[in-house]
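Architecture and fold: a report
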Amino acid sequence: MSISTDEFRHVLSHFASGVTVVTTWDAEGRPTGLTVSAFTSVSLEPPLVLVCVDHKAQSYPALRASSRFAVNILAAEHRAVSERFATTNADKFAAVTYQPGPLGLPLLPEALAHLECRTVSAYPGGDHTIFVGEVESAQARQGNPLLYFRGSYSRLFPLRRRGAPRQAERRS
Ligand SMILES: Cc1cc2nc3c(=O)[nH]c(=O)nc-3n(C[C@H](O)[C@H](O)[C@H](O)COP(=O)(O)O)c2cc1C
């Protein structure tokens, strides 16, 4: 039994994820990047993460050619940044502030967290490539993440901790 692309997309959309922008420099020294939700931690020692990138993405050749990439984890207020970096042909960096990180990769300074990685493997994954990176520099700040669920952007709504009083009980 096989599954259609539409069904596959629909089912996968039920897995809520954070949203990142993966960046690098292209061969001409210009910043390039795309919105990526297929981002996962892989190993603690050594510290490894992976991102999956579509071969059709304009940023793909640069990611393939570069020996490094950065992952910018977006904050709840960065929906427009996600939309911009999910649009091929847009001049993505024109209206977005970026600055070189400790390893020199183009980072979005407002992001919730940054990881700068050295590409250690690139595995075939159907129409995507799975880039595994060793994290060489990482920082995070306080804030809430941007989420993506069933094709829509969302934000965290934390559950009450078990045993913690309800809001009304806390006030009385
Ligand atoms: C929330 C969200 C998550 C996405 N996740 C991925 C992903 O994990 N991998 C990928 O290759 N494309 C992903 N995309 C699609 C790319 O961001 C999109 O195709 C983009 O236009 C590629 O830009 P480029 O062609 O300029 O490189 C995602 C898009 C959105 C809106």
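Look a little higher up for the structure.
Calculation rules
- Along each chain, the written sequence defines residue order, and numbers are assigned to residues from 1.
- Selection of residues for local features in this predicted model requires a pLDDT of at least 70, selection of side-chain atom pairs for listing and counting requires 80 or more, and totals for whole chains, interfaces and linings are taken over all residues.
- Here a strand is any run of E in DSSP of at least two residues, a helix any run of H or I of at least four, and the numbering for each starts at the N terminus.
- Counting other C-beta atoms within 10 Å of a residue's C-beta gives its exposure: the residue is buried at 20 or more, exposed at 12 or fewer, and partly exposed in between, where C-beta atoms are placed from the backbone.
- Contact between two residues is assigned whenever their backbone-derived C-beta positions fall within 7 Å.
- A molecule or strand has a residue near it when that residue's C-beta atom, placed from backbone coordinates, lies within 6 Å of it.
- Gly is put with the polar residues, along with every residue not named as nonpolar or charged; the nonpolar set is Ala, Val, Leu, Ile, Met, Phe, Trp, Tyr, Cys and Pro, and the charged set is Asp, Glu, Lys and Arg.
- When DSSP finds two or more bridges between a pair of strands, those strands are recorded as paired.

The subject of this paragraph is the overall build of the protein. Secondary structure assignment for the protein yields 4 helices and 12 strands. The dimensions of the protein, computed from C-alpha atoms along their principal axes, are 65 × 50 × 35 Å. The buried share of the protein, taken over its 172 residues, is 26%. Sequence-distant contacts in the protein: of pairs separated by 6 or more residues, those separated by 24 or more amount to 63%.

Let us now look at the site of the ligand. In the vicinity of the ligand there are 17 residues, among which A38, D54, A57, Q58 and S59 approach most closely. Among the secondary structure elements, those contributing two or more residues to the shell around the ligand are β3 (31-36) and β5 (48-54). Its residues assigned to classes, the shell around the ligand shows 9 nonpolar, 7 polar and 1 charged.

Most of β3 sits inside the fold, with 6 of its 6 residues counted as buried. Of the two faces of β3, both are covered, the one formed by P31, G33 and T35 as well as the one formed by T32, L34 and V36. Pairing analysis gives 6 bridges linking strand β2 (residues 20-25) to β3, with the strands arranged antiparallel. Each bridged residue has a counterpart across the sheet, and for V21 the counterpart in β3 is T35.

In this section: the sheet that holds strand β1 (residues 17-18). Taken together, 3 strands build an open sheet; the order of strands is β1-β11-β12 and the sheet is antiparallel. Single-partner strands in this sheet number two, and they are β1 and β12 (152-155). Here β1 pairs with strand β11 (residues 146-149) via 2 bridges, running antiparallel. Bridged to S17 within β11 is Y148.

Let us now look at the pairing of strand β4 (residues 39-43). The element β4 is largely exposed, with a buried count of 0 among its 5 residues. As judged from the 4 bridges shared by β4 and β5, these two strands associate in the antiparallel manner. Paired with S41 across the bridge in β5 is V49. Once β4 ends, the chain turns through 4 residues before running back antiparallel as β5.

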